[in-house]
Amino acid sequence: MSRHATPCCKIGPSILCADLSCLADECQRMMQSGADYLHLDVMDGHFVPNLTFGHPIVKCLRPKMPDVYFDMHMMVENPEKWVESMSDAGANQYTFHVEACEDIPTLCRKIQEAGMRVGIALKPGTPVETILPYSELFDVALVMTVEPGFGGQRFMEDMMAKVQYLRTNFPNLDIEVDGGVGPSTIDVCAEAGANMIVSGTAITGASDPSQVIALLRNSVENAIQKSQLER
Ligand SMILES: O=C(CO)[C@H](O)[C@H](O)COP(=O)(O)O
Ligand SMILES: [Fe+2]
């Protein structure tokens, strides 16, 4: 039986470029602006040339927002190392990079057994075929639309071929896009079939984040409705 339910639109701001000195307030601000979940970028300085934070910060955030869905984007080497700590800290989704993992089935099972949803991420240079053998083992496919490591980069439209391929072959899969997604790039993501939308600077840097979130949601919901009429 498939593990995937009919996908719906979910908007997950990335707080990577927010003011991290008031992280909890920024997270609350995103949720109050209409976000569905938070996308938390973990970088280890090895898998990507940048550093952010790890499970101790997630553990501090969790009691301040008990019901918020935390999607951990693990841009780390040895992703299997942090599964238990992230689960204990209160993470809901553990999205690891396929390029960083030697034994994908074992890691997927470990994440699931730890009570989290399984996300599998692809860097721009990684072919979509890499993840196909594991389609029954993950809940979310994350198609990176920039090279991971930094916020505020330019959206790579040629990644939409991966999204289209996944949507065609897995109509009920949660497909997430991340990197350079905002009002000017959302329509191509939505039309390609992405339903989980990560957006960082376009939301956190906006004077009215709720307006940006509403615009992103509108684009995705319209595309989902259109595709359902065509089925
Ligand atoms: O994973 C990431 C970078 O590696 C971030 O989630 C992403 O870049 C979000 O920020 P922006 O929307 O500004 O690109
Ligand atoms: Fe991310």
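Residues numbered from 1 in each chain as written. Chains lettered and ligands numbered in written order. Predicted model: local features only at pLDDT ≥ 70, side-chain atom pairs only at ≥ 80, totals over all residues. Heavy atoms only, no water.

An unreviewed UniProt entry lists the protein chain under the name Ribulose-phosphate 3-epimerase, with Simocephalus serrulatus given as the organism. Under the UniProt heading Catalytic activity (unreviewed entry), the entry covering the protein chain gives this text: "D-ribulose 5-phosphate = D-xylulose 5-phosphate". The UniProt entry for the protein chain carries this comment under Sequence similarities (unreviewed entry): "Belongs to the ribulose-phosphate 3-epimerase family." (UniProt positions renumbered as here; feature names shortened; annotations may be inferred.)

1. Side note on the packing of aromatic side chains
Evaluated as defined, the whole model comprises one aromatic pair. Ring geometry for Y37 and Y69: centres 6.1 Å apart, planes at 90°, overall edge-to-face. With Y37 in the loop between α1 (23-32) and β2 (38-43) and Y69 in the loop between α2 (55-61) and β3 (70-75), this residue pair connects regions lying 32 residues apart in the sequence. By relative accessible area, which is 2% here, Y37 ends up buried. Taking the ring centre of F47 as reference, the NZ or CZ of K123 above it sits at 5.1 Å. (Phe/Tyr/Trp six-rings, centres within 6.5 Å; stacked < 30°, edge-to-face > 60°. Helix = DSSP H or I, 4+ residues; strand = E, 2+ residues; numbered from the N terminus. Buried < 20%, exposed > 50% of the residue type's maximum accessible area, 1.4 Å probe, protein only. Lys NZ or Arg CZ within 6 Å of the ring centre and 35° of its normal.)

2. What about the pattern of salt bridges?
For the coordinates displayed, the defined rule picks out four salt bridges. Note that D174 is salt-bridged to K10, the shortest N-O span being 3.2 Å. Residue D174 is located in strand β7 (residues 174-178), and its partner K10 is located in strand β1 (residues 10-13); the two are separated by 164 residues in the primary sequence. Judged by relative accessible area, D174 falls into the buried class, the value being 6%. (Salt bridge = Lys/Arg side-chain N within 4 Å of Asp/Glu carboxyl O.)

3. Quick notes on the UniProt feature "active site" (unreviewed entry) in the protein chain
The positions that UniProt labels "active site" (unreviewed entry) are, in the present scheme, D41 and D178. The largest pairwise C-alpha distance within this set of annotated residues, which runs over 138 residues, is 10.6 Å, so the set is compact in three dimensions. Looking at the element boundaries, D41 is found in strand β2. By relative accessible area, which is 3% here, D41 ends up buried. If we skip the residues at most four places from it in the chain, D41 touches S14, L16, T52, F53, H73, M75 and D178. Here S14 takes part through its side chain, which lies 2.7 Å from a polar atom of the side chain of D41. What makes D178 buried here is its relative accessible area of 8%. (Contact = heavy atoms within 4.5 Å. Polar contact = N/O pair within 3.5 Å; in protein donor to acceptor, adjacent residues only side chain to side chain.)

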